[in-house]
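Chain by chain, the residues run as shown.
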Amino acid sequence: MDYEHILTETPAPGVGLIRFNRPKALNALNSKVIQETFDAMLAFDRDSSIGAIVLTGSDKAFAAGADIKEMVERNYVEMMTGDQLTDWSAFNKVSKPVIAAVSGFALGGGCEIAMACDMIVASETAVFGQPEILLGILPGAGGTQRLIRAVGKATAMEIILTDRRLSAQEALQYGLVNRVTAPEEYLNEAIKLAQKVAGLSQVAVRLAKDAVNRAYELPLQEGINYEKRNFYLAFGTEDKKEGMTAFVEKRPAQWKHK
Ligand code: CAA
C-alpha cells in the first residue's frame, strides 16, 4: 500500500515497521499522518505473519507533536465537530504489541503516541515533553492521563504545567521507557525486542497484553478477575498444550498461534 506520510516495511520475520515520514516538519502529526499510521497499524494487526509492530520516526524527531499549522486557525466548534482526536484512539484497537523506537523529539502528541505504545526503546538523544502549555492549550491525546501513571503526579504536573522535558536517562529512571541505547542502535534494539515477542504464541501475547492494559481501567479485584478469565481462556488454546508439552519434553515449542 502506498502512503504519503509514512513508510512501512517488515525488517525482520514477524515484525511490522511503521515510520513517520515528514522530515521537514519533524514528523508533526497532521490528520493524514495519524490516519495513515492507524490504517497501517490495523493492517499489520490483521496480518497473521506479523507478531509485533515497531513505530518510529527519524533520528532527529520521533514526532514534534500534533501539527500546529493545521490547528492554528481552528476553533472549538471545528475541533469538536471534526473530532480531530478520534483517530488517535485507534491504538486501543491494536491487539498486537506495539513498540515505539524513539530518537530525538517526542513532544506533545509525539510523546502521547509513544506512551500509548506498549513498550518504548529510546536513543540517548530522545527528549520527552508536553509543551502544549506554551501554545495556550493542554495535551489532548492522553498526555494528562498517561504521564501521571508513568512518572507520578508531581513530575507529570511539572512537565505539563512548565514544559519541563525529560532526557532519555530520566525517562528510564521513571520507568517511562524500557531501555536507552546508543543513537545508532535504538531502532535495531526495538526490532530485536519486537522479534522476541513475535517469536512467542500470538494468542498468549494477545491475552497477556489485554490483561495488562485492563489494569489502567479496572479496580484491583476486577482486574484480577479479568486476568483470571484470560488465564483460563489460554487453557483453551493449542499453544498452551504445545507450550507445556514442549517444556516437559525439554524441546522448543512450535507455536501454532491457535
Ligand atoms: N507542528 C507543525 N510544524 C512543526 C511542529 C509542529 N508540532 N514542530 C516542528 N514543526 C516544523 C517547524 O515549523 C519547522 O518548519 P519550517 O521549516 O517550515 O519553519 C520545522 O518543523 C523544523 O522545526 P524548527 O525549525 O522549529 O526546528 P528546531 O530544531 O529549531 O526546534 C522543536 C525543534 C523544539 C521540536 C520545535 O520545532 C518545536 O518546539 N516544535 C513544536 C513542539 C510542540 O509544541 N508540540 C506540541 C504540539 S500540540 C499537540 O501535540 C497537541 C496534542 O496533545 C495532540
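Coordinates for the structure precede this section.
None of these values were measured; they are calculated from a predicted model.

A. Fine view of the site of the ligand. Contacts to the ligand come from 23 residues, most closely from Ala66, Ile68, Gly109, Glu112 and Glu132. Here lysine 24 contributes a backbone N or O atom positioned 3.4 Å from an oxygen atom of the ligand. Measuring from an oxygen atom of the ligand, one finds a side-chain N or O atom of lysine 69 at 3.0 Å. Contact with the protein chains removes 66% of the 990 Å² of surface that the ligand exposes when unbound. Every element with two or more residues in the shell around the ligand is listed here: α2 (68–71), β6 (105–107) and α4 (109–116). At 3 residues, the largest contribution of residues to the shell around the ligand is made by α2. Grouping the amino acids of the shell around the ligand by side-chain chemistry returns 13 nonpolar, 4 polar and 6 charged.

B. Representation of a nonpolar patch on the surface in the model. A contiguous nonpolar patch, built from Ile133, Leu134, Met157 and Leu161 and spanning about 390 Å² of accessible area, is present on the exposed surface. Note that isoleucine 133 resides in the loop between β8 (127–129) and α5 (143–151).

C. Spotlight on the environment of alanine 208. Mapping alanine 208 onto the fold places it in helix α9 (residues 202–214). A relative accessible area of 41% places alanine 208 in the partly exposed class. In the structure, alanine 208 is positioned 29 residues away from threonine 237 in sequence and 14 Å away in space, judged by C-alpha atoms.

D. Inspection of α4 at higher detail. Most of α4 is tucked away: 8 of the 8 residues are buried. For α4, the complete set of buried residues consists of Gly109, Gly110, Cys111, Glu112, Ile113, Ala114, Met115 and Ala116.

E. Here's a closer look at the packing of aromatic side chains. In the structure shown here, the tally under the stated rule is 3 aromatic pairs. Their ring planes at 70° and their centres at 5.4 Å tell us that phenylalanine 20 and phenylalanine 62 sit as a pair that is edge-to-face. Here the residue phenylalanine 20 occupies a position in strand β2 (residues 15–20), and phenylalanine 62 occupies one in strand β4 (residues 61–63), the gap between them amounting to 42 residues. Judged on exposure class, the residue phenylalanine 20 and its partner phenylalanine 62 are both buried. An aromatic cluster is defined as three or more aromatic residues linked by ring pairs; in this entry it consists of Phe231, Tyr232 and Phe235.

F. Representation of the nonpolar core. Ranked by size, the top nonpolar core spans 45 residues in total, and within it Leu55, Phe62, Ile113 and Phe128 carry the most contacts. Listed in part, the 16 residues of the second largest apolar core include Ala52, Tyr186, Ile191 and Leu193.

G. Expanded view of the pattern of salt bridges. Here the structure, examined in full by the defined rule, presents 13 salt bridges. Between glutamate 189 and arginine 179 there is a salt bridge, with the nearest N and O atoms lying 3.1 Å from each other. You can see glutamate 189 sitting in helix α8 (residues 186–198) and its partner arginine 179 sitting in strand β10 (residues 179–181), a full 10 residues away along the chain. Residue class for glutamate 189 comes out buried when judged on its relative accessible area of 18%. A salt bridge links glutamate 242 to arginine 251; its shortest N-O distance comes to 2.8 Å. On the basis of relative accessibility, which here comes to 31%, the residue arginine 251 falls in the partly exposed class. Through salt bridges that share partners, Glu4, Lys32 and Glu36 make up one connected network.

H. Spatial organisation of the packing of α4 against α5. In contact at an axis separation of 10 Å, α4 and α5 are set at 55° when each is read in the N-to-C sense. Overall, the two elements α4 and α5 adopt an arrangement that is oblique. The crossing of α4 and α5 is left-handed. On α5, the residues that touch Glu112, Met115 and Ala116 of α4 are Gly143, Arg146 and Leu147. Here the contact of α4 with α5 is composed, by residue class, of 3 nonpolar, 1 polar and 2 charged.

I. Spatial organisation of the pairing of β2. Burial analysis of β2 places 5 of its 6 residues in the buried class, which makes it a mostly covered element. Pairing between strand β1 (residues 6–12) and β2: 5 bridges, direction antiparallel. Within β2, the position partnered with alanine 12 by the bridge is valine 15. Count of turn residues in the β1/β2 antiparallel hairpin: 2 residues, of which glycine 14 carries a positive phi of about 85°.

What counts, and where the lines are drawn
- Here the residue numbers are simple positions, counted from 1 along each chain's written sequence.
- Whole-chain, interface and lining totals are the exception, using all residues; otherwise, since this is a predicted model, local features are given only for residues with pLDDT of at least 70 and side-chain atom pairs are given and counted only at 80 or more.
- Side-chain measures were taken over the full set of non-hydrogen atoms in the model, leaving aside hydrogen atoms and water.
- Nearness is defined per residue: one heavy atom within 4 Å of the molecule or strand is enough.
- For the purposes of these results, a polar contact is taken to be a pair of N or O atoms within 3.5 Å, where, inside protein, one atom must be able to donate a hydrogen and its partner to accept one; residues adjacent in sequence count only when each atom of the pair is a side-chain atom.
- All accessible areas in this document rest on Shrake-Rupley with a 1.4 Å probe, and a residue is counted as covered only by the protein chains that are shown.
- In this description a helix means any DSSP run of H or I spanning at least four residues, a strand means any run of E spanning at least two, and both kinds are numbered starting from the N terminus.
- Only Asp, Glu, Lys and Arg are considered charged, only Ala, Val, Leu, Ile, Met, Phe, Trp, Tyr, Cys and Pro nonpolar, and every remaining residue, Gly among them, polar.
- In this analysis, a patch consists of residues with relative accessible area above 30% that form no salt bridge, clustered at 9 Å for like charges and at 5 Å for the nonpolar side chains Val, Leu, Ile, Met, Phe, Trp and Tyr.
- Here, a salt bridge means any Lys or Arg side-chain nitrogen found within 4 Å of an Asp or Glu carboxyl oxygen.
- Each residue gets one of three labels from its accessible area relative to the maximum for its type: buried under 20%, exposed over 50%, partly exposed in between, using a 1.4 Å probe on protein chains only.
- Geometry of aromatic contacts follows a simple scheme: Phe, Tyr and Trp rings, the Trp one being its six-membered ring, pair when their centres are within 6.5 Å, and the pair is stacked under 30 degrees between planes, edge-to-face over 60, tilted otherwise.
- Among the buried residues, those of types Ala, Val, Leu, Ile, Met, Phe, Trp, Tyr and Cys that are joined through side-chain atoms within 4.5 Å form a nonpolar core.
- Note on geometry: axes are C-alpha line fits, over the in-contact stretch for helices, and angles between N-to-C directions span 0 to 180 degrees.
- Any angle between 65 and 115 degrees counts as roughly perpendicular, while under 35 counts as roughly parallel, over 145 as roughly antiparallel, and the rest as oblique.
- Note on convention: near helix rotated counterclockwise from far helix by under a right angle means a left-handed crossing. Clockwise means right-handed.
- Only heavy atoms matter for contacts: two residues are in contact if any of them lie within 4.5 Å across the pair.
- Note on pairing: two strands pair once DSSP finds at least 2 bridges between them.

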